[in-house]
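# Chains, contacts and geometry: an overview
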Amino acid sequence: MIPHLMLLFATVALNLPWVDNDYGKALADAKARHVPVFVEVWAPW
Amino acid sequence: MRANVLNDPALVKQARQFAWLSIDSDNPVNAAFIEKFPSEGVPFFLVIDPATNKPVLSWYGTATAPQLGKLLEDGLRAANGGGSGADALLAQADKLNGQKDYAKAAALYEQALQAGGPHWPRRSRAIESLVMADLFGKNHAACAAVAAREASAMTRDRSFVNIVDMGLQCAEARSQEMAELRQLAAEGVKLRGVGSDDISGLYDDWAASYRKDKDEAADTRITEEWAAYLKQAIATAPTPEARMSSVLTLTIAAVRMHKPEVALPEVERAERDLPDDYNPPYRAARLYIAMGRYDDALAACDRAIGKASGLAKLRLYVTRGNVLQSKGDLEAARQTYSDGLQYGRTLPEAAAAPTIKMLSEALDKAK
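Residues numbered from 1 in each chain as written. Chains lettered and ligands numbered in written order. Predicted model: local features only at pLDDT ≥ 70, side-chain atom pairs only at ≥ 80, totals over all residues.

### Considering the overall build of chain A
Scanning chain A from N- to C-terminus turns up 2 helices and 2 strands. Starting at the N terminus and ending at the C terminus, chain A contains elements arranged as α-β-α-β. Residue burial in chain A is summarised as follows: out of 45 residues, 22% are buried. (Helix = DSSP H or I, 4+ residues; strand = E, 2+ residues; numbered from the N terminus. Buried ≥ 20, exposed ≤ 12 C-beta atoms within 10 Å, placed from the backbone.)

### Examining the overall build of chain B
What chain B contains, in helices and strands, is 18 helices and 3 strands. Relative to the globule expectation of 21 Å for 367 residues, the C-alpha radius of gyration of chain B, 22 Å, shows essentially globular dimensions. Principal-axis analysis of the C-alpha atoms places the extent of chain B at approximately 65 × 50 × 40 Å. Residues classed as buried in chain B amount to 49% of the 367 residues present. A sequence separation of at least 24 residues applies to 53% of the contacts in chain B between residues at least 6 apart. (Rg over C-alpha atoms; globule rule 2.2 N^0.38 Å. Contact = placed C-beta atoms within 7 Å.)

### Let's talk about helix 5 (residues 102-116) of chain B
An α-helical turn contains 3.6 residues, so a residue and the one three or four places further along point in the same direction. All names here are of chain B. Here helix 5 spans 20 Å end to end across 15 residues, near enough to the 21 Å set by a 1.5 Å rise per residue. Listing the buried residues of helix 5 in full gives A105, A106, L108, Y109, A112 and L113. One side of helix 5 carries all its buried residues, which in axial view fall inside an arc of 165°. Residues of helix 5 that are buried sit in contact with helix 4 (85-98), helix 6 (123-136) and helix 7 (140-151). One or two positions beyond helix 5, positive phi appears at G117, with a value near 75°. (Expected span 1.5 Å × (residues − 1). Arc of directions from axis to C-beta.)

### Things to note about the environment of N27 of chain B
Summarising the element assignment, N27 of chain B is placed in the loop between strand 1 (19-24) and helix 2 (31-36). Counting along the chain gives 41 residues from N27 of chain B to L68 of chain B, while the straight-line C-alpha distance between them is 25 Å.

### Here's the deal with the confidence of the model for chain B
Here chain B averages 94 in pLDDT, while 99% of its residues score no lower than 70. Scored by ipTM, the complex comes to 0.86, with pTM at 0.90. (pLDDT = per-residue confidence, 0-100.)

### A closer look at the sheet that holds strand 2 (residues 44-49) of chain B
Note on sheets: strands pair through backbone hydrogen bonds, and any given pair is parallel or antiparallel. Strand order in the open sheet formed by 5 strands is 1(A)-1(B)-2(A)-2(B)-3(B), and the pairing between neighbours is mixed. With partners counted over all chains shown, the strands left at the sheet margins are strand 1 (18-20) of chain A together with strand 3 (54-60) of chain B, one partner each. When strand polarity is set aside, the average angle formed by the axes of neighbouring strands in this sheet is 25°. Judged from the 6 bridges that link them, strand 2 of chain B and strand 3 of chain B form a sheet pairing that is antiparallel. Each bridged residue has a counterpart across the sheet, and for V47 of chain B the counterpart in strand 3 of chain B is L57 of chain B. Running over the sheet, helix 2 (residues 23-33) of chain A touches strand 1 and strand 2 (37-42) of chain A together with strand 1 of chain B and is turned about 165° from strand 1 of chain B. (Pairing = 2+ DSSP bridges. Axes fitted to C-alpha atoms, helices over the stretch in contact; angles between N-to-C directions.)

### Quick word on the interface of chain B and chain A
In this assembly, 40 residues from chain B lie in contact with 26 residues from chain A. When its residues are assigned to classes, the side of chain B that touches chain A shows 27 nonpolar, 10 polar and 3 charged. Inspection of the sheet shows strand 1 of chain A paired to strand 1 of chain B by 3 bridges, in the parallel sense. For D20 of chain A, the partnering residue across the bridge sits in strand 1 of chain B and is S22 of chain B. (Nonpolar A, V, L, I, M, F, W, Y, C, P; charged D, E, K, R; others polar.)

### Focus on the confidence of the model for chain A
Residues and elements named next belong to chain A. Summarising the model, chain A shows a mean pLDDT of 76, and 67% of its residues fall at 70 or more. Model confidence for chain A, summarised as mean pLDDT per element, is weakest for helix 1 (residues 2-13) at 36 and strongest for helix 2 at 97. The low-confidence segment residues 1-13, where pLDDT is below 50, has 0 contacts with residues more than four positions distant or belonging to other chains.

### Considerations on the packing of helix 14 (residues 279-291) of chain B against helix 15 (residues 294-307) of chain B
All names here are of chain B. With their axes 8 Å apart at the nearest point, helix 14 and helix 15 run at an angle of 165° to one another. Judged on the interaxial angle alone, helix 15 and helix 14 are roughly antiparallel. Every pair of crossing elements has a handedness; the one defined by helix 14 and helix 15 is left-handed. Facing helix 14, whose interface residues are P281, Y282, A284, A285, Y288 and I289, helix 15 presents D296, A297, A300, C301, R303 and A304. (Parallel < 35°, antiparallel > 145°, perpendicular 65-115°, else oblique. Left-handed = near helix turned anticlockwise from the far one by under 90°.)

### Considerations on unusual backbone geometry
All names here are of chain B. In this model, V42 is joined to P43 through a cis peptide bond whose omega is -5°. Along the chain, P43 turns up in the loop between helix 2 and strand 2. We note that N53 has phi near 60°; this positive angle belongs to a residue other than glycine. Here N53 is to be found in the loop between strand 2 and strand 3.

This is the structure in structure tokens:
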């Protein structure tokens, strides 16, 4: 059980907290924490 | 990049320093964002200052995880101030570049390079940003001159490949810069440890440089080498997702070589591997068009339209109509353009406008 939990934690911790397709939400988060917004703009392939 | 670079552990350490936003440029819900922050292409990265709602740094194309980590640091400096000398000049240049004031940004990048000297740790990135600013600012003479001037002395890495690539896009036919950059391109495509998308992009523009000179033999020779490189990249990619970019690019090289059949087996395999993705049938349609197999192209278009959504789906109506026109079925072509226009009206106006214009013009011509 513990190894599974550790693996889950590692997976969560190793991913950045991306906001998908919602500039308003990301901007509100940035303003609340006084940090800039980093944006990745992409297209499917 | 999301699958590898953007979740690299080194970047995750900077998680708390930013709010992280991912924007699918084909998704209509992002129309307002794309209108406010128009891009010259994808992938495109921005650092936005939430206080002013303006970009303070922009970056096009790929980057390695360490390069992206430094870009993030530079984005923080551009947003918050700080730094001195060359670093401060770079931050000012980045801010102007992010706001698309390319001429002023380029002048400041040059000043930063002079202030930083040959051993400045950010030299390579600053050269890359300078050449990008000249390219997007349409100062093609400066873009080619800087690329030719700087690239030969650079470390042979991803930045080198990208700078040579952009220089080739800018260089005039039969110019001294073109000759120098072609020599560097021959070196660049052989580099190990540079991503296949970057090498493939360099092949593409290296071949295109010969089309500027109307040198068909050299264009074909480089395009065939490019196709062989892509086939190798496809063969060694570990997953269907990792193969996809090279498969899709192979279709372009194959059509350029007038050998569309070369790419067809890979596209068909990609469609089997990733059955929900509209891209393989869309690319198959392009290949079938080049082969004159219009019924197959039509069937592939229909499969792609069934899987696509938003702006991608809208663009597919143009392709489907073109297939029907090539087939000589004008009535069905008009119906497809009309169907596309009807679908386009359900999408956000600003985002859909360019494709709606194409559909309207195609409908008029098909009458």
